[in-house]
Amino acid sequence: MRGATHAGRAACAVVVALAATACGGGGGSTADGAAVFSSSWTDPQNPLEPANTNEVQGGKVLSMIFRGLKQYDPKTGEAKDMLAERIETPDSQNYTVTLKKGWTFSDGEKVTARSFVDAWNYGASLRNNQKNAYFFSYIQGYDKVHPAKGEQSAETMSGLKVVDDRTFTVRLTQKFSSFPDTLGYNAFVPLPRAFFDDHAGWLAKPVGNGPYAVDAYTKGSEMRLTRWGAYPGEDAARNDGVTLKVYTDNNTAYTDLMAGNLDLVDDVPAQQLGNVRGDLGDRYLNTPAGIIQTLAFPHYDKDWNKPGSAKVRKGLSRAIDREQITRTIFQGTRTPATDWTSPVLGAQGGYKKGLCGQWCEYDAAAAKKLIKEGGGLPGGQVKITYNADTGSHKLWVDAVCNSINNALDDDRACVGNPIGTFADFRSKSTTQKLSGPFRAGWQMDYPLPQNFLQPLYYTNASSNDGKWSNQEFDKLVDRANAETDVAKAVETFQRAEEVVRDNMAAIPLWYQNGSAGWSERLSNVALNPFSVPVYDQIKVG
Amino acid sequence: MGQYVVRRLLQMVPVFIGATLLIFLMVNVMGDPVAGLCGDRQCDPATAAQLRKEFGLDKPVWQQYLTYMGNVFTGDFGTAFNGQEVTELMSTAFPVTMRLTIVAIVFEVVIGITLGVVTGLRRGHPVDSGVLLLTLVVISVPTFVTGLLLQLLLGVEWGWIRPSVSTAAPFDELLLPGLVLATVSLAYVTRLTRTSIAENRRSDYVRTAIAKGLPRHRVVTRHLLRNSLIPVVTFIGADIGFLMGGAIVTERIFNIHGVGYQLYQGILRQNTQTVVGFVTVLVLVFLLCNLVVDLLYAVLDPRIRYA
Amino acid sequence: MPDQPFPSEGAIAGSGAGGAMNLAAGEAATLDRPPSGLPGGPESTGPEGAAPSAASAERPRSLWSDAWRDLRRNPVFVVSALIILFLLFISLWPSAIASGSPLKCDLAKAQQGSAPGHPFGYDGQGCDVYTRTVYGARTSVMVGVCATLGVAVLGSVLGALAGFFGGLWDSFLSRITDIFFAIPVVLGGLVLLSVVTSNSVWPVIGFIVLLGWPQISRIARGAVITARQNDYVQAARALGASNSRVLLRHIAPNAVAPVIVVATIALGTYIALEATLSYLGVGLKPPSVSWGIDISAASPYIRNAPHALLWPSGALALTVLAFIMLGDAVRDALDPKLR
C-alpha cells in the first residue's frame, strides 16, 4: 500500500506542475497594447543579403525592409514604378534610370544612383558568393566580374554607369524588352553604405529603405520589425510592427494560431486544409500564386528520348486525375494546370488557359492507348522521385501514382521514390543521375512568361534539369525576348509553349495557391502573387 | 578510484577521435551539399566552385578532417551555411536541450521507478495490469502522435498550456514536451524496475531485513530498491545522451530550438561543420554519463569495486 | 520451494555449447544450482523456443518440464502464444483473410469510414485500411522480430563479454559502444539507407541492429557486472569452472532478465522506428506495405480520420503486448525464485 501512496503523490505532483504551467502559459502575444502582430517564419537558409536570398522566407523580410525601382502590385502583379521616376530606352538594350526624390534608408542615408550600382556590382561579383548573381547576367561586363571559370578580372560591371545622384545607365548584352519589369525582384534593391562598411553588423541587424525597420534579430528564433515612421513611400505600414517567429514545422504554427499564440500563418499545412473552415471560419485566404508544379523527365536518358517517348509522357499526363487530387489531397488549394505558366500572369500577361488541351485531361482509356502506342513504360514501371524532407510531396506523389495505376490497371505501374534530403535530391537531379520522372516545382521570380519558360526548357538553362533541348523552342524564346511589343512577345512565348506541349517536355500538374490563416485581431490580410503576405496593409484590432 | 577515473578520462581521447572521424565520413558520404543551397535552380558553376572552396569542400576528405580537428582544438567549430558560428548555435541550443533532458529524466525517475516498484511488488494485481496496458499504449503509439495529440488537447482544446515553447524555453513550458520525450523511456524504466524488484524481493538479504523486523518502506527503499537499480541506472545513464541528441521529433512538434533541431537542420543541409560539432559534444556527454553510471554501480552495489 | 529442481545431477554436465542463444537457454539455471541440463537438450533454444521443447516435458522433474507445465496452465502465455501464431499466420498468408490488394486505392473514397466489405474504412489515399493492416503484418513483424533478435544476440554477447572480463576488454568494447551510441539515428538512416536502392526489409533490419545493439549491450554489461560478484559465481570459480562455463551457466542466466525486458519493449519501438525511417524517406520504399508507413501517413489526419491511425496502431499494440506477455511468462516460468 505504501508504494501505491507514493505513486499517488507523484501523480499529484505532475498534475500540479501541469496546472501551474497552465496558469503561467497561454495568453496572446500583445501585452503592450501596440498594434504589433506575430507571423510565422522559417529560418532563412542563407545570410540575408538581397542577392543571396533565393527562397520565400528570406524574401519575406526583404520585401518588408526594402523597396526597389519597381514594385509588383499585390493584386495584379503588374510592375509599377517605386523608386524609379522613369526607366527609358531607345532600343531595348540601353536603359536610363532616373530616381524619385526624397528616398532615404532608415538610417538616414540618401538613396542615390550609387546605392543601386554598388549593390548590383556586389551582387554580381563572384567573390561575394551571391546565389542570385545570375540575375545580373544580362548586364554588360558580367562575364568579367563573374567568369564561368577562373578568377574575376574586374570589380564592377562596365554596363553600369552613374550619371548623377539620381540617374544611372544600364547597358545590356542583348535586347531584353521586359528588363524593367524584372527590376521588382529582391536582388535589384539598393544597399546603404553600412552594408559595405560594417557587413557583419549589417547582417546582424539589416538596414533598408522599406516600410519596416529591423528592431531586433535573434537568428534562428525571431525577428522583430517595427513600422518606420519616416518612410517616404505611399505604402507605409498600417500597423506598428511585425514579429516574425521561427517555426520548424508549419503544423505547430497552425496549432499556435488556433491557441491564440500567433496571429498570422501564411503556409497552412496540407493536412489541416480540411479543418480550416471549421477552425478559422472566414479568417482564411486561398489565392493563386505564381507557382506551378510539374513532373520533369530525364531527356538525357535514352529510354525517355525515343521516338515514342512523347506519346508515353502524354499518356502519363492523361492518366493523372488532377481534378480529384487537387480536390481531395489539397482541398482546392491547387488548381489543375492547363498550361505551363500561371494564372497570376493574367490573360494579357501570358497565361493561356487550356493551352495544354486534351493532353492534360484525365482519360484512362486514352492514357492506356497512348502509352501502348509509344512503346509502353520504360522497364514497365515509372518511379517518381521526390525529396521527403520538405513539403508534403509524398502525399501527392502517392496520389498521382495511384491514379496512374488505376488508369493503367496495374498496381505497380507507378511507385514513388523518396530521397532523404533536398540537397541529395538536387544533387541527383542536377547531375543527371535520375532515370525516371521527378518532381519539379517552379516559383516565379517576376511575373513574366519568360520566367516560366526560359529557365526551365531552354537548352542548358539553369533549371533545365531534364536537359530537354529543342531548337524551335530556343529560337522562339530568343525572338520573344527581343520583341518590343508586349502583345507580340506574349504571343511568341505562347508559341514556344506549344512546342513544350507537343513534346510534353514536362507534365504540368497544378498551379499552387498561397494560403493564409489569421487571428481575430487582424483584418485586411492579403497575399501577393509570390504568396507572401502584404504585411504593410494588415490592420490590427 | 581516482586512478580509475583518470584512466577513463584518458580513454575518451580515442573515442572522441573515432567518433568524429566516423561522423565526418558519414556526412561526406551523403554527397555534395552545394546543390541544395541554390533552391530549385542549379547553382551556376562558378558560384558553386567558389562555395566549395570557401567551405573547404574541394580538398580531399582526410585533409578536410585534419583541418577541422585542428580548428576544433583551438575552439573554432566552423560556420554553418547560413553564416552563423557553430559555437554560437551550440551556446543557444545546448542549454535548451539540457533543460528538456532534465525534465524528461526527472519524469523517468519519479514516475518510472515509482510505477516499477508498485507493479513489481504487486505482480498480477490490477494495478500491474493497468500499468502494463498504459506501457503498451505508450510504446505502440509513436512519439509524434502522442505529442501532437497532447498538444492539441492541452494546448488548444483545453487551453491549459502554450502549444509551442517560447525562445527562452523556461522549465515550466518544457513540462509537456519533457513528458512526451520521456514516454517511451518511461515504459522501459517501469518494466526494468518491475522485473528487478520482482526478482530481488525474494532474495536472502530482503528476507533477512524483513525478518529483522525492519519497517516495510525501509526494506523497500534501503535494501530492495538499491539493489534493483543497477539495470535502471544503466538505462537512464545511456538515455541522457540519447535524449539530448534524439529529441528531433519532440523539438519539432513543440518548436523548441535545441540540439535536435540544429542537428536535423545540419543533417538535411549536409552541413558537416554543424553535424560534426554537435555530435562531438554529444559524444563527450555520453562518455561522461557512462563514467558516472559506472561509478554509481559501486555506490549501489558495495561488492563492486574499481581499482 | 517444492518444485526445486534436483541440485546435484549434471551440475557440470552438458558441455558448454557455444552460441549466443545459450544465454537465454541458460536462464533455466537457479541461483546457485545450474540446471539439470538434459543431454543435447534445450540449451540450443531461446525463451520463445521453450514451447517447442515440449518433447522434454515427458521427462519428469526437469526444470524445463516444470516450466512447460507452468506455461500451459498460464493463461497469459496461452493468449500471447495464440496471438503470435495468428500474426505469423497472416504474415505468411495475408490473402487468407483479406481478399483485395493493399495497393488498390481509390482517392474518391479517401478518409471514408467503414463500409460493407471494408470494415476499417479508408485512409487518406483511399486505400482499404483493413487490407493494408493485414498485409502490413508481414513486414512489421519481420522488422520487429528479426531486428530484436539481432540486437539481442549482438548486444548481449558483446555486453556480457565486456562485463565479464572487465579490464581492457571492457574498456575496448565499452568505448566502441559509446561511438555507436553517439551516431544520431536520423543521420545514420539518411547516410546508410540512402545508398540502398533495394526495397526489401533487410537493409532496414540491418540498420536497426547496427545502431540498436549498444542499448542492450549496456544493459547486459551492467547485469553481468552485478551477477559476477555473487557468491555462487565465486564458488563455481573456486571449483575450477572455466570462464565460458561460468559465464554461460552461472552468470548469463541471472543477467538475462533485464535483456528480455528491454528486448520485448524494443520490439515495438523497432516497428515504430521503421515508421520514422519511412517518414524520412529512407526506410521501406513503396510499394512496400507496413504498419509503420501507414501510421506515419495517417497521423497528420488524426483530427479527420482517426480510424486510419487506430487500426495499424492497434495491430502494433497487440503485437507488442503479445511479445511482452510471452517474454514475461517464459521468464517467470523459468525463474524458480518466483515459484
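Per an unreviewed UniProt entry, chain C goes by ABC transporter permease and derives from Streptomyces cyaneochromogenes. Quoted verbatim from the Subcellular location (unreviewed entry) field of the UniProt record, the comment on chain C reads "Cell membrane". As its UniProt record puts it under Sequence similarities (unreviewed entry), chain C is described as follows: "Belongs to the binding-protein-dependent transport system permease family."

In the annotation of an unreviewed UniProt entry, the entry for chain B reads ABC transporter permease, and the organism field reads Streptomyces cyaneochromogenes. In its Sequence similarities (unreviewed entry) section, the UniProt entry covering chain B states "Belongs to the binding-protein-dependent transport system permease family."

So, on to the overall build of chain B. Looking only at helices and strands, chain B features 13 helices and zero strands. When the helices and strands of chain B are placed in sequence order, the string is α-α-α-α-α-α-α-α-α-α-α-α-α. Its C-alpha atoms put chain B at 80 × 55 × 30 Å along the principal axes. Per-residue burial for chain B yields a buried fraction of 54% across its 307 residues. Nonlocal contacts in chain B, meaning residues at least 24 apart in sequence, comprise 74% of its contacts between residues at least 6 apart.

Residues and elements named next belong to chain B. Within the UniProt annotation, "transmembrane region" (unreviewed entry) is assigned to residues 12-31, 96-118, 130-154, 174-193, 232-254 and 274-300. Between the end C-alpha atoms of residues 12-31 there is a gap of 29 Å, over a span that is 90% helix and 0% strand. Regarding residues 274-300, the helix share stands at 100% and the strand share at 0%, and the terminal C-alpha atoms are separated by 38 Å.

This part covers the packing of helix α5 (residues 167-182) of chain C against helix α7 (residues 202-228) of chain C. All names here are of chain C. The interhelical angle for the contact between α5 and α7, taken along N-to-C directions, is 135°, at an axis separation of 8 Å. When the interaxial angle is binned, α5 and α7 end up oblique. The way α5 lies across α7 gives a crossing that is left-handed. On α7, the residues that touch T177, F180 and F181 of α5 are L211, P214, S217 and R218. The residue makeup of the contact of α5 with α7, split by class, is four nonpolar, two polar and one charged.

Before going further, it helps to examine the interface of chain B and chain A. Of the residues lining the interface, 58 residues belong to chain B; the matching set on chain A comes to 59 residues. Listed by contribution, the elements that provide at least two residues to the side of chain B that touches chain A are α2 (45-54), α4 (86-121), α6 (143-157), α9 (216-228), α11 (248-253) and α12 (259-268) of chain B. Here the side of chain B that touches chain A gets eight residues from one element, more than from any other, and that element is α4 of chain B. Across the side of chain B that touches chain A, the residue classes break down as 27 nonpolar, 20 polar and eleven charged.

Right, let's talk about the interface of chain C and chain B for a bit. Between chain C and chain B, the residue contacts involve 42 residues of the former and 52 residues of the latter. The element that contributes the greatest number of residues to the side of chain C that touches chain B is helix α9 (residues 243-279) of chain C, accounting for nine residues. A class-by-class count of the residues in the side of chain C that touches chain B yields 28 nonpolar, ten polar and four charged.

Looking now at the UniProt feature "domain: ABC transmembrane type-1" (unreviewed entry) in chain C. UniProt annotation of "domain: ABC transmembrane type-1" (unreviewed entry) refers to residues 137-327 of chain C when read in the numbering used here. The span residues 137-327 of chain C carries 82% helix and 0% strand; its end-to-end C-alpha distance comes to 20 Å.

The next thing to look at is the environment of G213 of chain B. Mapping G213 of chain B onto the fold places it in the loop between α8 (204-211) and α9. Sequence separation of G213 of chain B and I17 of chain B is 196 residues, and the distance between their C-alpha atoms is 55 Å.

Residue and element names in this part refer to chain B. For chain B, the domain assignment lists domain 1 (1-74) and domain 2 (92-304). The distance between the C-alpha centroids of domain 1 and domain 2 comes to 31 Å. Sorting elements by how many residues they give to the side of domain 1 that touches domain 2 places helix α1 (residues 2-29) first, with eleven residues. For the side of domain 1 that touches domain 2, the residue count by class is eleven nonpolar, three polar and one charged.

A few words now on the environment of A104 of chain B. Residues and elements named next belong to chain B. Turning to its location among the elements, A104 is positioned in helix α4. Residue class for A104 comes out buried when judged on the 26 C-beta atoms lying within 10 Å of it. Taking the C-alpha atoms as reference points, A104 and T114, ten residues apart in sequence, are found 15 Å from one another. Those residues in contact with A104 that sit more than four places away from it in its chain are G178, L181, A182 and L243.

To continue, consider the confidence of the model for chain B. A residue-level look at chain B finds 98% of positions with pLDDT of 70 or above and a mean pLDDT of 83. When mean pLDDT is taken per element in chain B, α4 of chain B scores highest with 90 and helix α10 (residues 230-246) of chain B scores lowest with 80.

Residue and element names in this part refer to chain A. An order of β4-β5-β7-β6 is seen for the four strands of this open sheet, with the pairing classed as antiparallel. Here the strands that pair on one side only, and so sit at the sheet edges, are β4 (84-88) and β6 (160-164). Here the average twist between neighbouring strands, direction ignored, is 20°. Note: strand β5 (residues 94-99) against strand β7 (residues 167-171), five bridges, orientation antiparallel. By the bridge assignment for β7, Y95 is matched with V170. Packing against the sheet, helix α3 (residues 113-124) makes contact with β5, β6 and β7, and its axis sits at approximately 170° to β6.

What follows is about the UniProt feature "transmembrane region" (unreviewed entry) in chain C. Within this numbering scheme, the UniProt entry marks residues 76-94, 141-169, 201-220, 255-273 and 309-330 of chain C as carrying the feature "transmembrane region" (unreviewed entry). For residues 309-330 of chain C, the end-to-end C-alpha separation is 32 Å, with 100% helix and 0% strand making up the annotated structure.

In this section: the environment of G222 of chain C. All names here are of chain C. Looking at where G222 falls in the secondary structure, it is placed in helix α7. Given 27 C-beta atoms within 10 Å, G222 falls into the buried group. The spatial distance from the C-alpha of G222 to the C-alpha of G163 is 6.7 Å, given a sequence separation of 59 residues.

Moving on, we come to α6 of chain B. An ideal rise of 1.5 Å per residue puts 21 Å on 15 residues; α6 of chain B measures up with 20 Å between its terminal C-alpha atoms. Considered for burial, the residues of α6 of chain B that qualify are T143, F144, V145, T146, G147, L148, Q151, L154, G155 and V156 of chain B.

Let us now look at the pairing of β7 of chain A. The two faces of the sheet receive side chains in turn, since in a regular strand these alternate between them. All names here are of chain A. Residues of β7 alternate between two faces, with F168 and V170 buried on one and T167, T169 and R171 left unburied on the opposite face. Where β6 meets β7, four bridges bridge the pair, whose relative direction is antiparallel. Considered in β7, the bridge of K161 is made with T169. Count of turn residues in the β6/β7 antiparallel hairpin: two residues.

Another point: the confidence of the model for chain C. All names here are of chain C. Looking at chain C as a whole, the pLDDT averages 74, with 79% of positions reaching at least 70. When pLDDT is averaged over each element of chain C, helix α4 (residues 129-165) comes out on top at 91 and helix α1 (residues 21-25) at the bottom at 28. Here residues 1-60 scores under 50 on pLDDT; set against residues more than four positions off or in separate chains, the count is 110 contacts. Here the prediction assigns the complex a pTM of 0.81, and the interface score ipTM is 0.82.

Here is what the cut-offs are and how they apply
- Residues numbered from 1 in each chain as written.
- Chains lettered and ligands numbered in written order.
- Predicted model: local features only at pLDDT ≥ 70, side-chain atom pairs only at ≥ 80, totals over all residues.
- UniProt positions renumbered as here; feature names shortened; annotations may be inferred.
- Helix = DSSP H or I, 4+ residues; strand = E, 2+ residues; numbered from the N terminus.
- Buried ≥ 20, exposed ≤ 12 C-beta atoms within 10 Å, placed from the backbone.
- Contact = placed C-beta atoms within 7 Å.
- Axes fitted to C-alpha atoms, helices over the stretch in contact; angles between N-to-C directions.
- Parallel < 35°, antiparallel > 145°, perpendicular 65-115°, else oblique.
- Left-handed = near helix turned anticlockwise from the far one by under 90°.
- Nonpolar A, V, L, I, M, F, W, Y, C, P; charged D, E, K, R; others polar.
- Domains from an automatic or database assignment.
- pLDDT = per-residue confidence, 0-100.
- Pairing = 2+ DSSP bridges.
- Expected span 1.5 Å × (residues − 1).

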